[in-house]
Amino acid sequence: MPIGLAIIGAGYWGPNLVRTALATPAFRLDWLCDLRAERAKAVLGPYTTVRPTDSFDAVLADPAVAAVAIATPAATHFDLVRSALEAGKHVLVEKPLTPSAAEGEKLASLALRSGLVLMCDHTYCYTPAVQRIRELIRGGEIGEVQFIDSVRINLGLVQPDVDVLWDLAPHDLSILDFVLPEHVTPVAVAAHIGDPIGADRACLAHLSMWLSNGALAHVHVNWLSPTKIRTAVFGGSRRTIVWDDTNPAARLAVHDRGVDTLEAGSVPQDERRQALVSYRTGDTLIPALPEREALMSVMTEFGAAIDEGRLPLTDAGAGSQRERRIQFGLRFEF
Ligand SMILES: NC(=O)c1ccc[n+]([C@@H]2O[C@H](COP(=O)([O-])OP(=O)(O)OC[C@H]3O[C@@H](n4cnc5c(N)ncnc54)[C@H](O)[C@@H]3O)[C@@H](O)[C@H]2O)c1
């Protein structure tokens, strides 16, 4: 029996949820809700059994709806998610879960207490590239992670309710949380922000995280860059992964190139300065990745978590912890 679903928000991202929900056998899409009912109607088109509405209350009052997927602006997430959970609905919510860690934690514990799924759409965790990076790192292929450099820059919309860190960095943080081994966690965070256009909010930001194994991770997010760059480098003691998400022919490359360190005792004192590191130049491997739409996997995982009564892969509890790390960084720095 398919799960009755309502989608809230029919702006830029909502139609992607509509398309993927309609193609997911686990769900029966019943409603599309937007404050602009005309927009919901336009997204659905004339040949549909899905009902458009501008009333969130009408959706929550419908006993046939067991789950909602929310794609409204971040500032609305807390109230909408809380109302949906209080009405007994399972929830998939877009990133960021909420624009404050305290609110995110309240929602995560409300879901847990109510026995409901609260999943955050950290879409990148469902891409074949990120899943392969996780396998490579967690399987020990690259050795100990030594550094991470993630760049996510583009000409982006200046959001009315959140700054660039809250808009874009959840992607990078969710990826790091997903791919790093369990024992590698952030121990300190610092963020530097810029608002060179006077938008009254950060439009570019550099986030540094010191990790428990001595590695340093850096994330650069920027709404003002005329060129689109989406790369991340995961440097390890054995190999280095380079991910270029704008290059579909070779999104991932695994380089057997890097720096080997020698035992201090193995090098005579007078040769130490030159000999403590040696450079390794080996092959580069381009892993074959399946072509699969990540958002389809998000929908499938949401349905499976509801059916099986388990936490989803990108559970909101993880979302709130990650976002607390960002907030810690902001408090720490400013
Ligand atoms: N996962 C991803 O890769 C990804 C990509 C883009 C956006 N997003 C996220 O999706 C969310 C929405 O972003 P967007 O760019 O689509 O925004 P948008 O402004 O284009 O659309 C939001 C829609 O929500 C409607 N809305 C606002 N408040 C509402 C309410 N209370 N009830 C019903 N409808 C309401 C608005 O009328 C609007 O149509 C954000 O959290 C954003 O971060 C995620």
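Data block above holds the structure.
A brief structural summary. Here the residue index of a chain counts from 1 through its sequence in written order. Predicted model: local features are reported for residues with pLDDT of at least 70 only, side-chain atom pairs are reported and counted for 80 or more only, and whole-chain, interface and lining totals are derived from all residues. Excluded from the side-chain calculation are hydrogens and water; included are all heavy atoms of the structure.

Re the overall build of the protein chain
So the rule is basically this: Helix and strand assignments follow DSSP, with helices taken as H or I runs no shorter than four residues and strands as E runs no shorter than two, numbered in order from the N terminus. Each radius of gyration reported is based on C-alpha atoms, and the globular scaling rule is 2.2 Å times the count of residues to the power 0.38. For every residue, the accessible area obtained with a 1.4 Å probe (protein chains only) is divided by the maximum for its type, and the residue is called buried under 20%, exposed over 50%, and partly exposed between those limits. Only heavy atoms matter for contacts: two residues are in contact if any of them lie within 4.5 Å across the pair. We get accessible surface area from the Shrake-Rupley algorithm with a probe of 1.4 Å; when it comes to residues, only the shown protein chains can shield them. Charge counting follows a simple rule: Lys and Arg are positive, Asp and Glu are negative, and His as well as the terminal groups are ignored. A charged residue contributes its charge at one atom only: NZ of Lys, CZ of Arg, CG of Asp or CD of Glu.
Secondary structure assignment for the protein chain yields 10 helices and 14 strands. Taken over the C-alpha trace, the protein chain has a radius of gyration of 22 Å; the compact-globule value for 334 residues is 20 Å, and the two agree within 12%. Each principal axis of the C-alpha atoms in the protein chain carries an extent, and together these give about 80 × 45 × 40 Å. Taking all 334 residues of the protein chain together, the buried fraction comes to 50%. Sequence separation of 24 or more characterises 68% of the internal contacts of the protein chain that already satisfy a separation of 6 or more. Just so you have it, the protein chain exposes about 15700 Å², and 55% of that area is on carbon and sulfur atoms. With 31 positive and 40 negative side-chain charges, the protein chain shows a spacing of 1 Å between the two charge centroids.

Focus on the sheet that holds strand β5 (residues 90-94)
Inclusion rule: At least two bridges found by DSSP between two strands is the condition for calling them paired. Here the axes come from fitting lines to C-alpha atoms, over the contacting stretch only for helices, and the angles between their N-to-C directions go from 0 to 180 degrees.
As summarised here, the arrangement of the six strands in space is β3-β2-β1-β4-β5-β6, forming an open sheet in which the pairing is parallel. Either end of the sheet is taken by a strand with one partner, and the two such strands are β3 (51-53) and β6 (118-121). The sheet shows a mean angle of 25° between the axes of neighbouring strands, direction not considered. The pairing of strand β4 (residues 67-70) with β5 spans four bridges and is parallel. Across the sheet, residue Ala69 finds its bridge partner in β5, namely Leu92. Sheet contacts for helix α1 (residues 14-22): β1 (3-8), β2 (27-33), β4, β5 and β6; angle to β1, the most-contacted strand, approximately 165°. Of the strands in this sheet, β2 and β3 are in contact with helix α2 (residues 37-44), which crosses β3 at around 155°.

Let's talk about the site of the ligand
Stated formally: For this description, a residue counts as near a given molecule or strand if any of its non-hydrogen atoms is within 4 Å of it. Between N or O atoms, a polar contact is any pair within 3.5 Å; within protein, one atom must be a potential hydrogen donor and the other a potential acceptor, and residues adjacent in sequence are included only when both atoms are from side chains.
Within the structure, the ligand sits among 19 residues, and Trp13, Asp34, Arg36, Lys95 and Thr123 are positioned closest to it. In the environment of the ligand, an oxygen atom lies 2.6 Å from a nitrogen or oxygen atom belonging to the side chain of Arg36. Thr72 is positioned such that a nitrogen or oxygen atom in its backbone is 3.4 Å from an oxygen atom of the ligand.

Some words on the packing of helix α4 (residues 77-86) against helix α5 (residues 101-114)
For any two helices packed against each other, one specifies the crossing angle of their axes together with the interaxial distance. Under the convention used in this document: Angular relationships are summarised with four words: roughly parallel below 35 degrees, roughly antiparallel beyond 145, roughly perpendicular across 65 to 115, and oblique for the angles in between.
Contact pair α4 / α5: the axes reach a minimum separation of 10 Å and the direction vectors enclose 10°. In terms of axis orientation, α4 runs roughly parallel to α5. Taking contact as the criterion, the partners of Phe78, Val81, Arg82, Leu85 and Glu86 in α4 are, on α5, Glu103, Lys106, Leu107, Leu110 and Ala111.

A look at the nonpolar core
Note the following rule: To define a nonpolar core, start from buried Ala, Val, Leu, Ile, Met, Phe, Trp, Tyr and Cys residues and group those joined through side-chain atoms within 4.5 Å.
Grouped together as the largest cluster of nonpolar side chains are 67 residues, with contacts concentrated most on Leu5, Ile7, Leu207, Met209, Phe234, Trp243 and Phe302. Top contributing element to this core by residue count: helix α7 (residues 164-179), with nine residues. Judged by nonpolar contacts, the second largest core, of 25 residues, contains Trp31, Val68, Val91 and Leu97.

Overview of the sheet that holds strand β9 (residues 204-211)
Pairing in this open sheet of eight strands is mixed, and the strands run β8-β9-β10-β7-β11-β12-β13-β14 from one edge to the other. Every other strand in the sheet has two partners, leaving β8 (186-194) and β14 (277-285) as the edge strands with one partner each. The average undirected angle you get between the axes of adjacent strands in this sheet is 15°. With respect to the sheet, helix α6 (residues 128-138) is in contact with β7 (145-155), β11 (224-236), β12 (240-244) and β13 (252-261), its orientation differing from that of β12 by roughly 175°. Against the sheet, α7 contacts β7, β8, β9, β10 (216-222), β11 and β12, and its axis sits at roughly 150° relative to β10.

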